[in-house]
Amino acid sequence: MILCETHELHKTQYPDQSLEEIQSIIKNRGSQFIRALQQYKPNLSFLSIWLSGLIAEEKKTKPVLNTRHLLLLSFIEGILEAKNKQVTVIDGNETAYWYYKPSQFLESIALLKKTSAGLMRSKKTKAAALNILTGQTVYYDGIMARNPLFDQGFDNTQKWNWLTENINYAMASSNSVVWFYSERNNWWENVNDTLLQVLQASKNAFAGPRAVNTKKGNSLKPVLFKSLAFNEGKGYFYMDDSKNPMKTGEVAFSYKWDGIHKTLSIQFGKNIPVTVMVFANNIPSTINANIQSTLKIKLSKFKKGKIIILAKYAANLEASAIHVY
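Residues numbered from 1 in each chain as written. Predicted model: local features only at pLDDT ≥ 70, side-chain atom pairs only at ≥ 80, totals over all residues. Heavy atoms only, no water.

Peer 1: Explain the overall build of the protein here, please?
Peer 2: Looking only at helices and strands, the protein features 9 helices and 14 strands. When burial is assessed residue by residue, the protein has 42% of its 325 residues classed as buried. Of the accessible surface of the protein, which amounts to about 17,700 Å², a share of 53% is contributed by carbon and sulfur atoms. (Helix = DSSP H or I, 4+ residues; strand = E, 2+ residues; numbered from the N terminus. Buried < 20%, exposed > 50% of the residue type's maximum accessible area, 1.4 Å probe, protein only. Areas by Shrake-Rupley, 256 points an atom, 1.4 Å probe, with all protein chains shown as cover.)

Quick look at the structure:
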């Protein structure tokens, strides 16, 4: 597929075809692509890195027609129009490589969906775009400065704290997959013990249904791990800029989950946030008015899974907590 630097390039590359004709051809290629895949696996999951992330960034400074990925939109349209209902499309959010606070992970899903839907042209593809899932990413080389160009002057402890937080919030905010990316490590020969511990702890915390053998024969029964299944906890402040991207250790609030009455109670410290967002299995509830030192939120539909509390204060300060139940 050819990416257009600008909509004028087609006059040189394809002098006998209009832009609309080229877009139609690329859209057809997208349809052919997904049909070929789902022919062999009707319920496949298709992960595409930078599905809409780059376009979302580029269109902030230039018209979509002048972005490098104009024809990618046509290809995506073809996929969304021709895919089976059972096919899952996942937007690989590579922008998450450089996230340094929880809100970036938590708010990216809605942003990517809105971007994808807004860029589609037909009602069908706009509706299908709203069902695209988000796959969060963690960039080992960038955070750990495996490439000297990525070194931001953090000491080793800071790097591990940043990596740990990004893994946890990538896992907590993703509604599909999390992919761990690197280019400069030989994973066959060099696996750091600390990294193994960080990955295993996060995996245990967010493990979904897992099949195990029951006592009766070999039938499989789903089991939900509950290694973080506490009923109360604390949220911590996070640094407000990328120069120190990790939580501070200063408690911002305490909370308690009442599973019987389906109520989340939050007790704030001396600082009262401007906005509170609660993500129950990635479904957000937002409160931004009359926030008092004690806040009670009813989550009647929540049974098990992830609760994430995000409190936003003035001057870009924020605090957050993850609860897995």
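Picking up where we left off.
Peer 1: Looking at this structure, I do not really get the packing of aromatic side chains. What am I missing?
Peer 2: Aromatic ring pairs are described here by two measures, namely the spacing of the ring centres and the angle between the planes. Within the structure shown, the criterion is met by 19 aromatic pairs. Seen from their ring centres, phenylalanine 33 and phenylalanine 75 are 5.6 Å apart, and the 45 degrees between their planes marks the pair as tilted. With phenylalanine 33 in helix α2 (residues 19–38) and phenylalanine 75 in helix α4 (residues 70–82), the pair connects residues that are 42 residues apart, well separated along the chain. With a centroid separation of 5.7 Å and 80 degrees between ring planes, the pair formed by phenylalanine 154 and tryptophan 162 is classed as edge-to-face. The burial state of phenylalanine 154 is the same as that of tryptophan 162; both residues are buried. (Phe/Tyr/Trp six-rings, centres within 6.5 Å; stacked < 30°, edge-to-face > 60°.)

Peer 1: In this structure, what is going on with the side chain of serine 31? I would like to understand it.
Peer 2: You can see serine 31 is positioned in helix α2. Taking the relative accessible area as the measure of exposure, serine 31 reaches 8% and is therefore buried. Filtering out sequence-adjacent residues up to four positions away, serine 31 remains in contact with Gly78, Ile79 and Ala82. (Contact = heavy atoms within 4.5 Å.)

Peer 1: Teacher, can you tell me more about the sheet that holds strand β7 (residues 232–238) here?
Peer 2: Strands belonging to one sheet form pairs held by backbone hydrogen bonds; the direction of such a pair is parallel or antiparallel. Taken together, 8 strands build an open sheet; the order of strands is β11-β10-β13-β14-β7-β8-β9-β12 and the sheet is antiparallel. Of all strands in the sheet, those with a lone pairing partner are β11 (283–287) and β12 (294–298), marking the two edges. Neighbour-to-neighbour, the strand axes of the sheet open up by a mean angle of 20 degrees, direction not taken into account. Strand direction decides the pairing type here: strand β10 (residues 275–280) and strand β13 (residues 306–312), joined by 6 bridges, are antiparallel. Note that in β13 the partner of valine 278 across the bridge is isoleucine 309. (Pairing = 2+ DSSP bridges. Axes fitted to C-alpha atoms, helices over the stretch in contact; angles between N-to-C directions.)

Peer 1: Help me out: how do you make sense of the packing of α2 against α4 in this one?
Peer 2: Each packed pair of helices is defined by two parameters, the angle between the axes and the distance between the axes. As a packed pair, α2 and α4 sit with axes 7 Å apart at the nearest point and diverge in direction by 45 degrees. The angle between α2 and α4 falls in the class oblique. In this structure, the crossing between α2 and α4 has a hand that is right-handed. Across the interface between the two elements, Leu19, Ile22, Gln23, Ile26, Lys27, Arg29, Gly30, Ser31, Phe33, Ile34, Arg35 and Gln38 from α2 touch Leu70, Leu71, Ser74, Phe75, Glu77, Gly78, Ile79, Glu81 and Ala82 from α4. Class assignment of the residues belonging to the contact of α2 with α4 gives a composition of 10 nonpolar, 6 polar and 5 charged. (Parallel < 35°, antiparallel > 145°, perpendicular 65-115°, else oblique. Left-handed = near helix turned anticlockwise from the far one by under 90°. Nonpolar A, V, L, I, M, F, W, Y, C, P; charged D, E, K, R; others polar.)

Peer 1: Explain the pattern of salt bridges to me, please; I cannot follow it from the model alone.
Peer 2: According to the stated counting rule, one finds 6 salt bridges in the structure shown. When the shortest N-O distance is used, the salt bridge between lysine 27 and glutamate 81 registers 3.2 Å. Highlighted residues: lysine 27 in helix α2 and glutamate 81 in helix α4, separated in sequence by 54 residues. Taking the shortest distance from any N to any O, the salt bridge between glutamate 77 and arginine 121 comes out at 3.0 Å. Of this pair, glutamate 77 sits in helix α4 while arginine 121 sits in the loop between α5 (102–119) and α6 (123–129); the two residues are 44 residues apart in sequence, bridging distant segments of the chain. With relative accessibility at 2%, the residue glutamate 77 sits in the buried group. (Salt bridge = Lys/Arg side-chain N within 4 Å of Asp/Glu carboxyl O.)

Peer 1: Help me understand a nonpolar patch on the surface in this model?
Peer 2: Among the surface-exposed residues, Phe180, Trp187, Val191, Leu196 and Leu199 lie close enough to one another that they form a single nonpolar patch of about 370 Å² accessible area. Residue position: valine 191 is located in the loop between β4 (178–181) and α9 (193–206). (Patch = residues over 30% accessible without salt bridge, like charges linked within 9 Å, V, L, I, M, F, W, Y side chains within 5 Å.)

Peer 1: What am I meant to see in the sheet that holds strand β2 (residues 88–92) here?
Peer 2: The strand order across the open sheet formed by 4 strands is β1-β2-β3-β4, and the pairing between neighbours is parallel. Each of the sheet's edge strands pairs with one partner strand only, and the pair in question is β1 (45–49) and β4. Each neighbouring strand pair of the sheet contributes to a mean axis angle of 25 degrees, computed without reference to strand direction. On top of the sheet, helix α8 (residues 156–173) reaches β3 (133–139) and β4; it is set at about 170 degrees to β3, its chief contact.

Peer 1: I'm lost on the environment of glutamate 232 in this one. Help?
Peer 2: When you line up the elements, glutamate 232 lands in strand β7. Taking the C-alpha atoms as reference points, glutamate 232 and tyrosine 255, separated by 23 residues in sequence, lie 5.5 Å from one another. Not counting residues up to four positions away in its chain, the partners in contact with glutamate 232 are Tyr255 and Lys256.

Peer 1: Help me understand the pairing of β11, please; the structure alone is not making it clear to me.
Peer 2: Across a regular strand the side chains alternate sides, sitting on one face of the sheet and then on the other. Note that β10 and β11 share 5 bridges and pair antiparallel. Pairing of phenylalanine 279 across the sheet is with proline 284, part of β11. Where β10 hands over to β11, the hairpin turn is made up of 2 residues, of which asparagine 281 adopts a positive phi near 50 degrees.

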